Amino acid sequence: MVSGRSRVLFVTDLAYQAKGRRYCDEDIFLSSRLREDFDIALCHPLDAAALMDAFDAVVVRNSGPVLHYRDRYDAFLAQAAQRGTRVYNPLTGRGDMAGKQYLLDLTAAGHPVIPTVDRPQDFGRLPEADQYAVKPKAGADSIGLEFVTRDRLTDLAHVSNGDLLVQPRIDFRYEVSFYYVDDTFQYALYAPRPDQRWALEPYEPTEADLDFAHGFVDWNTIDHGIQRVDACRTQDGTLLLVELEDLNPYLSLDLIPDQTRDAFVTSMKASLRRFLDTPAGHGPGRKAT
């Protein structure tokens, strides 16, 4: 081990099969670049708790939906909090890391987000739509997603338990993602074909687009880490938040120019160094996706 180099445990599930994404390729590349500045070891998310004490920080990357190993993930969070382990992103995020409650909170506060409710008595607050998206709060990668008509919503009695989210199905022109390191914008990608979410192309955001995205980054109050702000462009040109991914956002690094990719890696290295210089002991959040 080279003296003075911080030891980083890079958590990734290289075997996870994600539709339209190559988790393993992205993390092989990213960990190889981080190795230029840090001593890196890769591990599966199920092994992180047992290994993390030997490292200065744990970087959670493409670890897959934690719903497949909920108990082990909760144990990792508890142990990280108890031991004061530095986890990057810090486990204090208010977005997907903490579950889907933020969609309800942002809706109630009037932020530009797809309107979201979780109780039958609130269905009347949703705008009229031909169909509604119903999905589990603990879902991911469209697991459990169903589209129903409004009259069918009343048949979903178990919504009253608060375990499902209901949103109008938005007729959007395209989806767009904004990628940040700490509070600094890095690049944007969009899916010009609504039926091909991961067929992404470079996107040049306007000042208004960046104001929209940065508003959610500011709201999330994560000082160090990587965030992806996912939005959809409605037919009238409005942007609405789809998801605020703040635990292990896929970065689509293979789809951006070399110069942009190098700049992202440089930003992440600097962010990680700053994070290692901060006091440890942040409390854990809970990711429901």
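Look up: the structure comes first, before these words.
Structure report, in brief. Remember, predicted model here, so these are calculated numbers, not experimental data. Residue numbering note: each chain is counted from 1, following its sequence as written. In keeping with the predicted nature of the model, local features appear solely for residues at pLDDT of at least 70, side-chain atom pairs appear and are counted solely at 80 or more, and the whole-chain, interface and lining totals rest on all residues. The side-chain values count all of the structure's non-hydrogen atoms but skip hydrogen atoms and water molecules.

**Quick look at the state of the cysteines**
Working definition: a disulfide is two cysteine sulfur atoms within 2.5 Å of each other. Summed over all chains, the structure comprises zero disulfides. Free of any disulfide, cysteine 24 has its nearest cysteine sulfur in cysteine 43, 16 Å distant.

**Details of the pairing of strand β8 (residues 172-181)**
Within β8, eight of the 10 residues are buried, leaving the element largely enclosed by the surrounding structure. Two strands make a pair as long as DSSP finds a minimum of two bridges between them. Counting from the N terminus, the helices are DSSP H or I runs at least four residues long and the strands are E runs at least two residues long. With nine bridges joining them, β8 and strand β11 (residues 226-234) adopt antiparallel strand pairing. Note that in β11 the partner of tyrosine 179 across the bridge is arginine 228. Alignment of β8 against strand β9 (residues 184-191), held across seven bridges, turns out to be antiparallel. Considered in β9, the bridge of phenylalanine 178 is made with alanine 188. With antiparallel pairing between neighbouring strands as the criterion, β8 and β9 make up a hairpin whose turn holds two residues, including aspartate 182 at a positive phi of roughly 55°. Relative accessibility decides the category of a residue: with a 1.4 Å probe and only protein chains considered, values under 20% of the type maximum give buried, values over 50% give exposed, and everything between is partly exposed.

**Some thoughts on helix α3 (residues 70-83)**
A rise of 1.5 Å per residue sets the reference length of α3, with its 14 residues, at 20 Å; its end C-alpha atoms lie 20 Å apart and thus fit the reference within 8%. Every buried residue of α3 is accounted for by Arg70, Tyr73, Phe76, Leu77 and Ala80. Along the axis of α3, the buried residues cluster in a sector spanning 120°; they form a single face. For α3, the exposed residues lying more than 90 degrees away from the buried face are Asp71 and Gln82. Given a helix with a known number of residues, its expected span is that number minus one, times 1.5 Å. Think of the arc as the fan of directions from the helix axis to the C-beta atoms.

**Some points on the nonpolar core**
Nonpolar cores are built from buried Ala, Val, Leu, Ile, Met, Phe, Trp, Tyr and Cys residues. Side-chain atoms within 4.5 Å join them into one set. By size, the foremost hydrophobic cluster in this structure holds 25 residues, and its most contacted members are Tyr88, Tyr187, Leu251, Phe264, Met268 and Leu272. Of all the secondary structure elements, the ones that give two or more residues to this core are β1 (7-11), α1 (23-34), β3 (57-60), β8, β9 and α7 (258-276). Of the residues forming this core, the biggest block, six residues, is contributed by α7. In this structure, Val113, Phe178, Ala231 and Leu241 belong to the second largest nonpolar core, which totals 23 residues.

**Considering the sheet that holds strand β7 (residues 164-168)**
Here we have three strands laid out as an open sheet, ordered β6-β5-β7, and antiparallel in their pairing. Strands at the two margins of the open sheet, each flanked by one partner only, are β6 (146-148) and β7. Across the sheet, the axes of successive neighbouring strands diverge by a mean angle of 30°, strand direction being ignored. Only C-alpha atoms enter the line fits that serve as axes; for helices the fit covers just the stretch in contact. Angles between N-to-C directions range over 0 to 180 degrees.

**Comments concerning the environment of glutamate 245**
Structurally, the position occupied by glutamate 245 is in strand β12 (residues 239-245). In terms of polar contacts, glutamate 245 uses its side chain to reach the backbone amide nitrogen of leucine 247, at 3.1 Å. For this analysis, a polar contact is any N or O atom pair within 3.5 Å, provided that within protein one partner can donate a hydrogen and the other can accept it, and provided that sequence-adjacent residues contribute only side-chain to side-chain pairs.

**Some details on the packing of α1 against α7**
The interhelical angle for the contact between α1 and α7, taken along N-to-C directions, is 60°, at an axis separation of 10 Å. Here α1 is positioned oblique relative to α7, judged by the angle of their axes. For the pair α1 and α7, the crossing hand works out as right-handed. Facing α1, whose interface residues are Phe29, Leu30, Arg33 and Leu34, α7 presents Arg261, Asp262, Val265, Met268 and Lys269. The residue makeup of the contact of α1 with α7, split by class, is five nonpolar, no polar and four charged. An angle below 35 degrees is treated as roughly parallel, one above 145 as roughly antiparallel, one from 65 to 115 as roughly perpendicular, and anything else as oblique. By convention, the crossing between two helices is left-handed when the near helix turns anticlockwise from the far helix through less than a right angle, and right-handed when the turn is clockwise. Any two residues having at least one pair of non-hydrogen atoms within 4.5 Å are treated as being in contact. Note that Gly is not counted as nonpolar here; it falls among the polar residues with everything else outside the nonpolar set of Ala, Val, Leu, Ile, Met, Phe, Trp, Tyr, Cys and Pro and the charged set of Asp, Glu, Lys and Arg.

**Some thoughts on the pattern of salt bridges**
A side chain with one charge can pair with a side chain of the opposite charge if their charged atoms come near. Take a side-chain nitrogen of Lys or Arg and a carboxyl oxygen of Asp or Glu: if they are within 4 Å of each other, that pair is a salt bridge. For the structure shown, the criterion picks out 23 salt bridges. Across the pair glutamate 36 and lysine 269 runs a salt bridge, and its minimum N-O distance is 2.5 Å. One end of the pair, glutamate 36, is in the loop between α1 and β2 (39-43); the other, lysine 269, is in helix α7, and 233 residues separate them in sequence. Judged by its relative accessible area of 44%, glutamate 36 is partly exposed. The residue aspartate 258 makes a salt bridge to arginine 261 at a minimum N-O spacing of 2.3 Å. In this pair, aspartate 258 and arginine 261 are both assigned in helix α7, three residues apart and thus about one turn of the helix distant. Taking the relative accessible area as the measure of exposure, aspartate 258 reaches 52% and is therefore exposed. Taken together, the shared-partner salt bridges connect Asp96, Lys100, Glu175, Arg197, Arg228, Asp230 and Glu243 into one network.

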